[in-house]
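The primary structure of each chain is shown beneath.
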Amino acid sequence: MDVASSQLAGAGNSQVPLPQTSLAEDVFLERQRHWREYLERDNRSNPDMEEIQRIIATKAESARLVISVDHIREFDAEAAVQLMAEPAETIPALEAAATEIARSAAAASGIDAALLQVL
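Conventions and cut-offs
Residues numbered from 1 in each chain as written. Predicted model: local features only at pLDDT ≥ 70, side-chain atom pairs only at ≥ 80, totals over all residues. Heavy atoms only, no water. Helix = DSSP H or I, 4+ residues; strand = E, 2+ residues; numbered from the N terminus. Buried < 20%, exposed > 50% of the residue type's maximum accessible area, 1.4 Å probe, protein only. Contact = heavy atoms within 4.5 Å. Areas by Shrake-Rupley, 256 points an atom, 1.4 Å probe, with all protein chains shown as cover. Phe/Tyr/Trp six-rings, centres within 6.5 Å; stacked < 30°, edge-to-face > 60°. Axes fitted to C-alpha atoms, helices over the stretch in contact; angles between N-to-C directions. Parallel < 35°, antiparallel > 145°, perpendicular 65-115°, else oblique. Core = buried A, V, L, I, M, F, W, Y, C linked by side-chain atoms within 4.5 Å.

Draft legend 1. Geometry of the overall build of the protein. A tally of helices and strands in the protein yields 6 helices and 2 strands. Reading the secondary structure of the protein in the N-to-C direction produces α-β-β-α-α-α-α-α. Of all 119 residues assigned to the protein, the portion counted as buried reaches 25%. Sequence separation of 24 or more characterises 54% of the internal contacts of the protein that already satisfy a separation of 6 or more. Here the protein displays about 8,200 Å² of accessible surface, and carbon together with sulfur accounts for 54% of that area.

Draft legend 2. A look at the packing of aromatic side chains. Within the structure shown, the criterion is met by 2 aromatic pairs. With 6.0 Å between their ring centres and 90° between their planes, Trp35 and Tyr38 make a pair best called edge-to-face. Taken as a pair, Trp35 and Tyr38 lie in helix 2 (residues 23-39) at a separation of 3 residues, close to a single helical turn. By relative accessible area, which is 2% here, Trp35 ends up buried. Where Tyr38 meets Phe75, the ring centres are 5.3 Å apart and the plane angle is 65°; that geometry is what we call edge-to-face. Of this pair, Tyr38 sits in helix 2 while Phe75 sits in helix 4 (residues 69-75), placing them 37 residues apart in sequence. The class for Phe75 is partly exposed, based on a relative accessible area of 32%. Here a set of aromatic residues connected by ring pairs shows up, and it is made of Trp35, Tyr38 and Phe75.

Draft legend 3. Expanded view of the environment of Phe28. Within the fold, Phe28 resides in helix 2. The class for Phe28 is partly exposed, based on a relative accessible area of 29%. Separated by 66 residues in the primary sequence, Phe28 and Leu94 place their C-alpha atoms 9.6 Å from one another. Dropping the residues within four chain positions of it, Phe28 is found in contact with Pro92, Ala93 and Ala96.

Draft legend 4. Layout of the packing of helix 5 (residues 77-85) against helix 6 (residues 87-108). One can describe the packing of helix 5 onto helix 6 by two numbers: an axis separation of 6 Å at closest approach and a directional angle of 120°. Considering their axes alone, helix 5 and helix 6 lie oblique with respect to each other. Here helix 5 contributes Gln82, Leu83, Met84 and Ala85 to the contact with helix 6, which in turn contributes Pro87, Thr90 and Ile91.

Draft legend 5. Main features of the nonpolar core. In terms of nonpolar packing, the biggest core is built from 20 residues, with Trp35, Tyr38, Leu39, Ile52, Ile56, Ile67 and Ile72 touching the most fellow members. If you list the elements that add at least two residues to this core, you get helix 2, helix 3 (47-58), helix 5 and helix 6. Of the residues forming this core, the biggest block, 8 residues, is contributed by helix 6. Those residues within four positions of Ile67 in sequence are excluded, and the remaining contacts are Tyr38, Leu39, Asp48, Ile72 and Leu94.

The analysis is restricted to geometry; functional conclusions fall outside its scope.
Okay, structure coming up:
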């Protein structure tokens, strides 16, 4: 019996196979979820979301989203340290979260979300 067929969820007679994902994918998705929480945090002033909204509203084609490490540190000091220590592993998840949020916001505003990309 291989690992995939031996990993079953559920109790009793109802068994559902678990989806197969690699550890790297799981770590990436967890990091992306964490960065999404950071970007969508509910503060009185969220400069990162304000900048995303401004970029979408102006339909800026060559705009860049600049995120302050100080803002990240205020939200989660450990995430800021991880970002500085492991940028190659951390930044892609942050980019994916920002792109996902921007595309959702653009679609809600009636803007073609396909025009948004991380450069």
